[in-house]
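Overview (structure and organization)
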Amino acid sequence: MTMSLSMRYAVGGVALAIILNLLLRSFVKVGGIFATLLIAAATAALLALAFRLIQRRVPEAGERWRIVILYGGLLGLLYLGLLAMMTLQDTPSPMGVLLFLVHYLCYPVMAALLLPKRILANGR
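Residues numbered from 1 in each chain as written. Predicted model: local features only at pLDDT ≥ 70, side-chain atom pairs only at ≥ 80, totals over all residues. Heavy atoms only, no water.

On to the overall build of the protein chain. Across its full length, the protein chain carries five helices and zero strands. The linear arrangement of helices and strands in the protein chain, starting from the amino end, is α-α-α-α-α. For the C-alpha atoms alone, the extent of the protein chain along its principal axes is close to 50 × 35 × 25 Å. Classification of the 124 residues of the protein chain by burial places 33% in the buried group. (Helix = DSSP H or I, 4+ residues; strand = E, 2+ residues; numbered from the N terminus. Buried < 20%, exposed > 50% of the residue type's maximum accessible area, 1.4 Å probe, protein only.)

A separate point is the packing of aromatic side chains. Under the criterion given, the structure shown has four aromatic pairs. Taken together, the ring pairs connect Tyr79, Phe100, Tyr104 and Tyr107 into an aromatic cluster. (Phe/Tyr/Trp six-rings, centres within 6.5 Å; stacked < 30°, edge-to-face > 60°.)

Applying the stated criterion across every chain yields a total of one salt bridge. The partner of Arg57 in a salt bridge is Glu63, with the nearest N and O atoms 2.7 Å apart. Relative accessible area serves as the criterion here: at 28%, Arg57 is assigned to the partly exposed category. (Salt bridge = Lys/Arg side-chain N within 4 Å of Asp/Glu carboxyl O.)

On the surface, a nonpolar cluster with roughly 870 Å² of combined accessible area is contributed by Ile33, Leu37, Met95, Leu98, Leu99, Leu101, Val102, Leu105, Val109 and Leu113. Those elements giving two or more residues to the nonpolar patch turn out to be α2 (32-55) and α4 (94-114). Here the nonpolar patch gets eight residues from one element, more than from any other, and that element is α4. Position of Leu37 among the secondary structure elements: in helix α2. Classification of Leu37 as partly exposed rests on a relative accessible area of 36%. (Patch = residues over 30% accessible without salt bridge, like charges linked within 9 Å, V, L, I, M, F, W, Y side chains within 5 Å. Areas by Shrake-Rupley, 256 points an atom, 1.4 Å probe, with all protein chains shown as cover.)

Moving on to the environment of Ala84. Mapped onto the fold, Ala84 is located in helix α3 (residues 61-89). Exposure remark for Ala84: the relative accessible area of 42% places this residue in the partly exposed category. Sequence separation between Ala84 and Gly73 is eleven residues; the distance between their C-alpha atoms is 16 Å.

Let us now look at the confidence of the model for the protein chain. Counting all residues, the mean pLDDT for the protein chain is 91, and 92% of those residues have values of 70 or more. Of all the helices and strands in the protein chain, helix α5 (residues 117-120) carries the lowest mean pLDDT, 55, while α4 carries the highest, 96. (pLDDT = per-residue confidence, 0-100.)

Below, the discussion takes up the layout of surface pockets. Looking at the largest pocket, its volume works out to about 270 Å³. Surrounding the largest pocket, 13 residues form its lining, Asn21, Leu75, Tyr79, Leu82 and Tyr107 being those nearest its centre. Counting only elements with at least two residues in the lining of the largest pocket, the list comes to α1 (5-27), α2, α3 and α4. Split by residue class, the lining of the largest pocket holds eight nonpolar, four polar and one charged. (1 Å grid on protein atoms, 1.4 Å probe; cavity = no way out; pocket = protein on both sides within 12 Å on 5 of 7 lines; lining within 4 Å. Points joined across faces, edges and corners; volume = space filled by probe spheres on them. Nonpolar A, V, L, I, M, F, W, Y, C, P; charged D, E, K, R; others polar.)

With that settled, consider unusual backbone geometry. Here Lys29, not a glycine, exhibits a phi torsion of approximately 65°, which is positive. What makes Lys29 exposed here is its relative accessible area of 66%. Even without being a glycine, Arg56 presents a positive backbone phi close to 60°. Looking at the secondary structure, you find Arg56 in the loop between α2 and α3. Exposure remark for Arg56: the relative accessible area of 74% places this residue in the exposed category.

Here it is in structure tokens:
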């Protein structure tokens, strides 16, 4: 069974987000919401650029939404696992969970903002 085009880009985006997080947070020592926004924007922009270069076209509306939903869903599963591990150590406060949710939402929101046709097609 082969993976769908949207799923391949979603999985690639998750892998890229993980790699960029490791590089920026571990080696460059940048953290917090600034790092999350930077990584989310870079991942979404590189995902959009990769689609444009590899497919030689912009994604159709349905493809864009499938990529964003699958990307957000896969990251959501990873974030839920991370939250579960955090909860096993010490129950996070409601504000801590809200901050965690804000960090997660940066990724699918940036993907939704940077994957539209009008950005990829340079206004064409």
